[in-house]
Amino acid sequence: RIPIAVQVTVAPAFSLTASAAVLTLRQSTALTVGTTSVTLTSGSLTNGFNLPVAFTVSGLPVGVTAAFSSASLVAPGSGSTVLTLTAAATATTGVSTFTVTAVGGTITRGTNVQLILTAAPTFSVAVSVPGYNMLAGGVLTETISAKGSYGYNSNIQLSAGILPTGLAVSFLNSTINGFNGTTTMTIQPAATLAAGAYPITITATDPVTTATQTAVLNLVVGNYTTTVSATSFTLAPGASASAVITT
């Protein structure tokens with residue numbers, strides 16, 4: 001028998017870690033860019049690993065872009081890079097998982113990070129009764145309410161759209177809180193306003209971002225009509241007559 005010496009060696013290697021397992025991100029707006037970041041670290045070099053390490057990312061939602069502060073590390077391959085994610089205004093919201101991959105020579109390492117993408121702060125506006133019938137010359141009051149979503153908490157300004165002559169609209173408060181504000185809108189069609197449908201568009205505007213939301217009140221105005229069954233009489237002395245008046 002001839003003894004054979006066997007020497008087992010372990011291949012050079014490195015590790016990849018992320019500074020966070022979960023990231024939160026919001027869609028961008030006209031004034032605010034939605035961003036978040038995570039630090040990726042290549043380390044624990046073993047068994048003589050001494051190569052450059054390159055980073056890539058995959059699995060991001062539609063509308064989310066990625067940028068590394070450094071897309072690669074020089075040999076021996078240890079160090080960190082910062083991955084910054086940016087969400088467009090139309091980025092797909094929801095929970096997803098993306099993967100960061102680091103490659104050094106023939107060795108590949110990967111780490112998964114969960115991404116929670118939410119919509120940008122926004123608001124809505126509504127009228128208490130979306131449709132109403134009234135007579136010309138009357139007065140109608142409606143409650144206008146605002147509701148904020150995804151952390152929206154700014155003041156908004158209310159205005160009514162273009163109105164015909166003889167139809168007046170006013171607000172008790174034209175500025176309300178966009179998170180949960182309310183106010184009263186008063187509608188006064190003049191007695192001379194022709195009967196018909198008058199949709200009123202209420203526009204709520206964020207004066208900072210200029211974002212707008214609208215609500216519509218479908219107003220139908222009617223008029224009084226009066227008819228008389230007879231407009232003249234010829235009577236003998238002592239006689240009487242009657243007429244029917246209908247309104």
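Residues numbered from 1 in each chain as written. Predicted model: local features only at pLDDT ≥ 70, side-chain atom pairs only at ≥ 80, totals over all residues. Heavy atoms only, no water.

**Some thoughts on the overall build of the chain**
Where we set the bar: Per the convention used, a helix needs a DSSP run of H or I reaching at least four residues, while a strand needs a run of E reaching at least two, with both numbered from the N terminus. Only C-alpha atoms enter the radius of gyration, while the globule expectation follows 2.2 Å times N to the 0.38, with N the number of residues. For every residue, the accessible area obtained with a 1.4 Å probe (protein chains only) is divided by the maximum for its type, and the residue is called buried under 20%, exposed over 50%, and partly exposed between those limits. Pairs of residues are marked as contacts when any of their non-hydrogen atoms sit within 4.5 Å. Computed by Shrake-Rupley with a 1.4 Å probe, the accessible areas treat only the displayed protein chains as cover when residues are assessed.
Scanning the chain from N- to C-terminus turns up 0 helices and 20 strands. A compact globule built from 247 residues should have a C-alpha radius of gyration of about 18 Å, whereas the chain, at 36 Å, is more than 25% larger. Across its three principal directions, the C-alpha atoms of the chain cover 155 × 40 × 20 Å. By residue count, 28% of the 247 residues in the chain fall in the buried class. Nonlocal contacts in the chain, meaning residues at least 24 apart in sequence, comprise 63% of its contacts between residues at least 6 apart. For the chain, the accessible surface area stands at approximately 14,100 Å², while carbon and sulfur atoms represent 55% of it.

**As for the packing of aromatic side chains**
The way to describe two aromatic rings as a pair is by their centre distance and the angle between their planes. Worth spelling out the cut-off: Pairing of aromatic rings covers Phe, Tyr and Trp, the last counted by its six-membered ring, and requires centre-to-centre distances within 6.5 Å; plane angles under 30 degrees mean stacked, over 60 mean edge-to-face, and any other angle means tilted. In this scheme, Lys NZ or Arg CZ marks a charge over a ring once it lies within 6 Å of the ring centre and within 35 degrees of the ring normal.
Overall, the coordinates contain 3 aromatic pairs when judged by the stated rule. For the ring pair Phe123 and Tyr152, a centre distance of 5.0 Å and an interplane angle of 40° mean the geometry is tilted. In this pair, Phe123 is assigned in strand E10 (residues 122-127) and Tyr152 in the loop between strand E12 (140-149) and strand E13 (155-160), connecting sequence segments 29 residues apart. Phe123 sits in the buried class, given a relative accessible area of 4%. On the basis of relative accessible area, Tyr152 is assigned to the buried category, the value being 7%. Of note, Arg109 hangs over the ring of Phe14, and the distance from its end group to the ring centre comes to 5.7 Å.

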